[in-house]
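Topology and contacts: notes
Residues per chain are reported as follows:
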Amino acid sequence: MPYGVEALDLPVRNGAPSRSGGPRPRNTMAHLDSEVKEECLREDLKFYFMNPCEKYRARRQLPWKLGLQILKIVMVTTQLVRFGLSNQLVVAFKEENTVAFKHLFLKGYSGIDEDDYSYSVYTQEDAYESIFFAINQYHHLKNISLGTLGYGENEDNRIGLKVCKQHYKKGSMFPSNETLNIDSDTERDCLHIDLQALSKNPQDWKNSSFFRLEFYRLLQVEISFHLKGIDLQTIHFRELPDCYIFQNTITFDNRAHSGKIKIYFDSDAHIEECKDLNISGSIQKNTQYILVFDAFVIVICLASLILCTRSIVLALKLRKRFLNFFLEKYKRHVCNADRWEFINGWYVLVIISDLMTIIGSILKMEIKAKNLTNYDLCSILLGTSTLLVWVGVIRYLGYFQAYNVLILTMQASLPKVLRFCACAGMIYLGYTFCGWIVLGPYHDKFEDLDTVAECLFSLVNGDDMFATFAQIQKKSILVWLFSRLYLYSFISLFIYMILSLFIALITDSYDTIKKYQQNGFPDTDLQEFLKDCSSKEKCQKESSAFLSCICCLRRKGSDDHLILIN
């Protein structure tokens, strides 16, 4: 019988048995019990910080969680590719219909928008003709359109056009005398023209007093109508077709009263469930296969989520054991760096990715079953989750020293980089506001705050420099000179100084990591504790066999899971 088991059968009321069979003193037994706990804790810690390959070599434990993550990467990527192809069909159908609507309802549309608006008119005759042209095209839509379009009901549950005009209540203006008498309050009048009215003599509604526009008071004219369409191209990809409702609005904007009326066309497409679909073929069976595949992805991600959550919970329990032991033995607290060693950031990343994949997969299944139509939210969830899944692959590359340099350099430089960006961001915001206020009226890239920020970021990266200089209008010599000083100072400051300092911070962290890899990383309290046993003589003498047996035999069953937490 092994010595450890035989010892446990002996009476221990007056002390633990000694090698000669006599009782050990109580203080010796207490000391050995403390060493047993310490050695067990050290073994658990060493096993926790092993990578899957080391765990396999140590205990022949198959890295089945690694295999699960690899399978999840393949499944999630395949799911994303299939959904991306389907989403491209949806986006392409919306964009192509918007272009078709502009050619159908905008008179003289060239196919290219002038700016953020489609095109503009400069005479009263052109304005009237553009309004009447859109109304006539709506009336003859089924005879001229190439698409699968039909009339839809508007907000009032009525089929037809809704024409609204907004203008100042009253006023008079005599520019030659430089006199103006106008009420700044505005009013909005609307007229509904149904298909029956359009079928009558067009002169009846064209000669209506509603269309007698006083352009000096007119602010805008808005024509709105709803159309329905069916996307049949999905059938070629063995998917069920989608039914769309297009909320179209044509706006004639005269707010500037500059002699130029800007015409905007806006089409907002909504996907709805088709009421009656009767499609023969293998489309239904293909849809069922896709739903089963999505359900399998959810099961895999759910298993990964449970395992990673369990690992974090058990790691926190192991950390609590270590903190209590360290405080009891050394009478001091563990540093924050060692506390965070137990929180595996990769597990947190996997948990976030799994949650997003599960939610996105549920939305995808509802979209595939035509119960939901929110493609954008689903694509954001699935796309972000796939990004996080592939970023998580770096964890396994980090087990090799040659690949681990990137991770360690990012960890070491991140605090310094964030502090540096906070300081540089203040300068960047100052240039953004200054450029918007001064150069906004004279340069297209400085019209809006977000456009200014994007333009300056492009300049930092060396993009589009000459065009930014050349597009500044020379209407004001003072502004033109200021623009040169503004751009030269920004480019010189950010490219030659701030960007160079930013790179230097990362380079310094990289050099530090390389030096540590050559000479060894500085030991923390946790690492010193893990190395402590190898320097003790009694761990190498007679008590080593005794401690190892006791460590295995006296471990509580409830503590077994702490060994296999990773």
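Values in this document were obtained by computation on a predicted structure and should not be read as measured data.

All right, on to the overall build of the chain then. Per the secondary structure count, the chain includes 19 helices and nine strands. Here the chain, with 566 residues, has 39% of them falling under the buried criterion. Long-range pairs, those at least 24 residues apart, make up 70% of the contacts in the chain with a sequence separation of at least 6. With the model as given, the accessible surface of the chain reaches about 32,900 Å², and the carbon-plus-sulfur share is 59%.

Each disulfide consists of one covalent bond between the sulfur atoms belonging to two cysteines. Enumeration over the complete set of coordinates arrives at one disulfide. Cys164 shares a disulfide with Cys190; S-S distance 2.1 Å. Judged by the sign of its S-S torsion, about 110 degrees, the cystine formed by Cys164 and Cys190 is right-handed. Highlighted residues: Cys164 in strand β3 (residues 160-168) and Cys190 in strand β6 (residues 186-194), separated in sequence by 26 residues. Taking the relative accessible area as the measure of exposure, Cys164 reaches 2% and is therefore buried. Cys421 carries a free sulfur, and the closest cysteine sulfur to it, the one in Cys423, is 9.3 Å from it.

A few words on the nonpolar core. By size, the foremost hydrophobic cluster in this structure holds 51 residues, and its most contacted members are Phe105, Ile131, Ile135, Phe211, Ile223, Leu227 and Ile250. Excluding anything up to four places from it in sequence, Ile250 contacts Phe105, Leu106, Ala134, Val221, Glu222, Ile223, Phe225, Ile263, Tyr264 and Phe265. One finds Val452, Leu459, Leu487 and Ile498 within the second-largest nonpolar core, a separate group that totals 21 residues.

Two elements in contact, helix α4 (residues 64-105) and helix α12 (residues 375-391), have axes whose closest approach is 10 Å; the angle formed by their N-to-C orientations is 150 degrees. Relative to α12, α4 is oriented roughly antiparallel. Judged by the twist between their axes, the crossing of α4 over α12 is left-handed. From α4, Lys72, Ile73, Val76, Thr77, Gln79, Leu80, Phe83, Ser86, Asn87 and Val90 reach across to α12, where they touch Tyr375, Cys378, Ser379, Leu382, Gly383, Thr386, Val389 and Trp390. Split into classes, the residues belonging to the contact of α4 with α12 amount to ten nonpolar, seven polar and one charged.

All right, on to the side chain of Ser130 then. Here Ser130 lies in helix α5 (residues 124-139). Overall, Ser130 belongs to the buried group, its relative accessible area being 4%. Apart from residues no more than four positions distant in its own chain, Ser130 is found in contact with Tyr119, Val121, Phe252 and Ile263.

On to the confidence of the model for the chain. Confidence along the chain averages 79 in pLDDT terms, with 84% of residues attaining 70 or more. Within the chain, helix α1 (residues 3-9) has the poorest average pLDDT of any element, 35, and helix α15 (residues 449-460) the best, 92. Taken as a whole, residues 1-21 scores under 50 in pLDDT and shows 29 contacts with residues more than four places along the chain or in a different chain. Scored below 50 in pLDDT, residues 534-566 makes 58 contacts in the model with residues more than four places away or belonging to other chains.

This part takes up unusual backbone geometry. Here His257, not a glycine, exhibits a phi torsion of approximately 50 degrees, which is positive. Summarising the element assignment, His257 is placed in the loop between β8 (242-253) and β9 (261-272). On the accessibility criterion, His257 (32% relative accessible area) is partly exposed. Phi is positive for Asp464, which is not a glycine, with a value near 60 degrees. By secondary structure assignment, the location of Asp464 is in the loop between α15 and α16 (465-470). Owing to a relative accessible area of 43%, Asp464 belongs among the partly exposed residues under this scheme.

There is a patch of nonpolar side chains on the surface, built from Met426, Ile427, Leu429, Phe433, Trp436, Ile437 and Leu449 and spanning about 660 Å² of accessible area. The residue Met426 is located in helix α14 (residues 401-439) in this model.

Right, let's get into helix α17 (residues 477-519). Under the 1.5 Å per step criterion, the end-to-end length of α17 is 62 Å for 43 residues, consistent within 8% with the ideal 63 Å. A bend of about 35 degrees at Phe494 is the largest found in α17.

The subject of this paragraph is the pattern of salt bridges. In this structure the tally under the stated criterion is nine salt bridges. In this structure, Asp113 engages Lys102 in a salt bridge whose closest nitrogen and oxygen atoms are separated by 3.0 Å. On the criterion of sequence distance, the pair formed by Asp113 in the loop between α4 and β1 (119-121) and Lys102 in helix α4 is long-range, its members being eleven residues apart. Residue Lys102 is classed as buried on the basis of its relative accessible area, which comes to 11%.

As a further point, take the pairing of β3. Burial within β3 is extensive, with seven of its nine residues counted as buried. In the sheet, β3 pairs with β6 via nine bridges, with the strands oriented antiparallel. Bridge assignment links Val163 to a residue of β6, and that residue is Leu191. Inspection of the sheet shows β3 paired to strand β7 (residues 218-231) by six bridges, in the antiparallel sense.

Relative orientation of the contacting elements α15 and α17 amounts to 55 degrees, with a least axis distance of 9 Å. It follows from the interaxial angle that α15 and α17 lie oblique. As for the relative orientation of α15 and α17, their crossing is right-handed in sense. Two secondary-structure elements touch here, α15 through Leu456, Leu459 and Val460 and α17 through Tyr486, Leu487, Phe490, Phe494, Ile495 and Leu499. Of the residues contributing to the contact of α15 with α17, the split by class is nine nonpolar, no polar and no charged.

Here the focus is the pairing of β9. Side-chain direction in a regular strand flips from residue to residue, so the side chains alternate between the two faces of the sheet. The alternating pattern of β9 places Ile261, Ile263, Phe265, Ser267, Ala269 and Ile271 on a buried face, while none of Lys262, Tyr264, Asp266, Asp268, His270 and Glu272, on the opposite face, is buried. Relative to β9, β8 runs antiparallel, the two being bridged by eleven bridges. Looking across to β9, one finds that Thr249 is bridged to Asp266.

This paragraph deals with the environment of His443. Inspection of the secondary structure assignment puts His443 in the loop between α14 and α15. A polar contact of 2.9 Å, which involves the side chain of His443, links it to the backbone oxygen of Thr468.

Thresholds, definitions, all that
- Residues numbered from 1 in each chain as written.
- Predicted model: local features only at pLDDT ≥ 70, side-chain atom pairs only at ≥ 80, totals over all residues.
- Heavy atoms only, no water.
- Helix = DSSP H or I, 4+ residues; strand = E, 2+ residues; numbered from the N terminus.
- Buried < 20%, exposed > 50% of the residue type's maximum accessible area, 1.4 Å probe, protein only.
- Contact = heavy atoms within 4.5 Å.
- Areas by Shrake-Rupley, 256 points an atom, 1.4 Å probe, with all protein chains shown as cover.
- Disulfide = S-S within 2.5 Å.
- Core = buried A, V, L, I, M, F, W, Y, C linked by side-chain atoms within 4.5 Å.
- Axes fitted to C-alpha atoms, helices over the stretch in contact; angles between N-to-C directions.
- Parallel < 35°, antiparallel > 145°, perpendicular 65-115°, else oblique.
- Left-handed = near helix turned anticlockwise from the far one by under 90°.
- Nonpolar A, V, L, I, M, F, W, Y, C, P; charged D, E, K, R; others polar.
- pLDDT = per-residue confidence, 0-100.
- Patch = residues over 30% accessible without salt bridge, like charges linked within 9 Å, V, L, I, M, F, W, Y side chains within 5 Å.
- Salt bridge = Lys/Arg side-chain N within 4 Å of Asp/Glu carboxyl O.
- Expected span 1.5 Å × (residues − 1).
- Bend = angle between axes of the 7 residues up to and from the residue.
- Pairing = 2+ DSSP bridges.
- Polar contact = N/O pair within 3.5 Å; in protein donor to acceptor, adjacent residues only side chain to side chain.

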